[in-house]
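# Chain and residue survey
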Amino acid sequence: MMGMYSFPPKTYFEIASFFYLLILYLISFQDPGRYVRSSKLFRMLELNMLLALVASILTYTFAIPEYGTPLAVCMLLRTLDSVLSVTSSRSFTLYLHSYVDTSRRLERLTVVGNVLFYVYLALMLLNIPLKFVLWYAPDGTYMHGTLFVPIVFTPPIYFMAINVLILVLQLKSMGIREKVSLSVASFITLLGLIVQAATDGKLLLSLPFGSVGIFVLYFSLETADYHRLLEKNEMLRIAEQDAVKANRAKSDFLASMSHEIRTPLNAVLGMDEMILRETSADRNIDSVSAGRIRSYAENIRDAGHILLSVINDILDLSKIESGKMEIKPAPYRLRALLGDVSTMIRVRAEQKGLVYTQTLDPDLPDALIGDELRIRQILINLLNNAVKYTDQGEVRLEVSRKGQSAQTLTLSFTVRDTGIGIKKENLPLIFGDFQRIDEEHNHRIEGTGLGLSIVKRLVGLMNGDISVSSEYEKGSVFTVYLPQEICDTVPGTDASAEEAAPDLPEERAFHTPDCTYLLVDDNRMNLLVAKHFLDELGGRIDTAASGNEALEKMRTATYDLIFMDHMMPDLDGIQTFELSLTDPGNINRDTPMIMMTANALSGMREEYLSKGFADYLSKPLDSKELLRVIRRHLPSEKMEPAN
Ligand code: ADP
């Protein structure tokens, strides 16, 4: 009887599938896929499928009582066959799950799937003694109970349904490759099941088709190359996150470094200014050593200001790089802006014996909308360079328009000099970060090579354009185009031109003998510097070394102006200011409070003003700026002209 066993033709597909799946299983071990969560589940799926194929082939070949196989063996094979095919479909679902962000809803579906699976297993085990799902009659006939269909088919149908649901719900979050492969594999498997059911088990195609699905998945999602690609992508993503974090750390570092450097620099420059004053010619200290000391102090002042401008440049560049530099368009007056710029540059040009001229197209409208601060920064940068790199001749600023429509116009600024010029081969380099060229030629000239790189980026942020042409040893021409909105098409009146006149007489000096000032700073040197500056004006000066001490003083004396530092231990300047507003004992609630801080990141001014401060002064303190602010906030009857 034993000799009658042979593979029935309907298992041929399964036998073939078994072999190619076995090969695939072995191949998939060559790449352990360490980094991909799905690959472990994939190998489990392959193994399940292999076992299911073995069980199916053995069942159809050996579970035949008329050939003499004991009924108990037949029963065991039938049970194994059923259980392993359900395990395979569950395994497929688990694999699919590994490709989706398991949302709560899907999580619950998995729990239901697990419960269903274990209930099914228990019932199949109970079936062995109790015989209510499938069994063999004593005569060897294979029998199905009425519970066969619900018990054996419910789990696979459930898993199939979940697969479809996962694919539909999560399609958007998957890459195109995952989307296509997973859909195709699911479809092929489903097709096998349908064919097997439709032919009533005459064609055993569910497992072979399922293994074709696995093939599709292997070659599209589970090869070593693809794993490596995913791994690289993941590493890139992490590297990108790290880079963003590092850049943020850099910006924070720069912001705090700026503060840390400015605070001592404030003391150095402030004390230096005191030396300059004490040794100034009009003090009539007529000794040789006073003159020498004065020239040392002048050197300290110049070096200090260079250090300050380097810090400012680095801060600006880092702010632009981290995308925090915002262009803030607001109405402004073109002629007033140009007036300010020319006042500044003219002094520098004349110190070097250069002629500075400025021309302006008289028809240009005066009231424009744009970021005045940044335009000023661009012009001052270009003009400073022109003065810096010119030893004789002329520096010239021409302002005209390139194009104009009803609401907008493109301003054209041309900065010409008769200086050392730039070699043709160096022209493309000058806008790079820290790029200084022709160093043997201009090593005497101070610079960091950051100015033009900032200018170029600012122009870019304003949707403008910058170009340069130059002839070596003859001179250079920088041209900037900036689109601006027109606020009012009327060209500047004579009055505004007058306002812009570069030769404004020096503001008259003044005294404030009847004023009282409160200076708040935790740094003793800073207090000393500011106090020295204010001493020149006369009046009473109180100091406080902390926010709490300041609040205390504001309760006992009235002040004309309060100068407040920002970064202080315990209460900082802003907290102190806010507390002072709600402090019932404060008798200085209407006193203008001026923020005086080393926190000089661009944009801080607006920030402090929006908090309610009357004005902003950056440290190192500039004595002229300090006077300007005081003049702005004191009533005129408190100021006496000084002789
Ligand atoms: P720096 O701080 O060195 O002036 P910039 O970024 O402003 O840095 O300029 C970069 C380089 O371009 C300078 O080092 C200088 O060699 C060259 N350069 C800029 N402006 C001029 C100019 N008007 N004439 C000649 N060379 C210039």
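The structure this text deals with has already been given above.
In what follows, the accompanying structure is described. (Residues numbered from 1 in each chain as written. Predicted model: local features only at pLDDT ≥ 70, side-chain atom pairs only at ≥ 80, totals over all residues. Heavy atoms only, no water.)

### Side note on the side chain of serine 476
On the secondary structure map, serine 476 appears in strand β9 (residues 475-491). A polar side-chain atom of serine 476 sits 3.0 Å from a polar atom in the side chain of serine 470. Those residues in contact with serine 476, other than ones at most four positions away along the chain, are Val415, Arg416, Asp417, Gly421, Ile422, Ser469 and Ser470. (Helix = DSSP H or I, 4+ residues; strand = E, 2+ residues; numbered from the N terminus. Polar contact = N/O pair within 3.5 Å; in protein donor to acceptor, adjacent residues only side chain to side chain. Contact = heavy atoms within 4.5 Å.)

### Some details on the site of the ligand
In the vicinity of the ligand lie 21 residues, with Asn385, Tyr389, Asp417, Arg436 and Leu452 positioned nearest. Glycine 451 is positioned such that a nitrogen or oxygen atom in its backbone is 3.3 Å from an oxygen atom of the ligand. Contact distances for the ligand include 2.8 Å between an oxygen atom and a backbone N or O atom of leucine 452. For the ligand, the accessible surface in isolation is 530 Å², of which the surrounding protein chains cover 97%. For the shell around the ligand, the secondary-structure elements that each account for two or more residues are α11 (372-388), α13 (451-461) and β9. (Near = heavy atom within 4 Å. Areas by Shrake-Rupley, 256 points an atom, 1.4 Å probe, with all protein chains shown as cover.)

### Looking at the environment of lysine 352
Secondary-structure assignment places lysine 352 in the loop between α10 (334-351) and β4 (355-360). For lysine 352, the residues in contact, after removing those within four places along its chain, are Val387, Lys388, Thr390 and Asp391.

### Concerning helix α9 (residues 288-321)
Each α-helix turn comprises 3.6 residues. Residues three or four places apart therefore point the same way. For α9, spanning 34 residues, the distance from its first C-alpha to its last is 50 Å, which sits close to the expected 50 Å at 1.5 Å a residue. Looking at α9, one finds that the buried residues are Ala290, Ala297, Gly304, Leu308, Ile311, Asp313, Leu315, Asp316, Leu317, Ser318, Lys319 and Ile320. Of the residues one or two after α9, glycine 323 is the one with positive phi, at around 75°. (Expected span 1.5 Å × (residues − 1). Buried < 20%, exposed > 50% of the residue type's maximum accessible area, 1.4 Å probe, protein only.)

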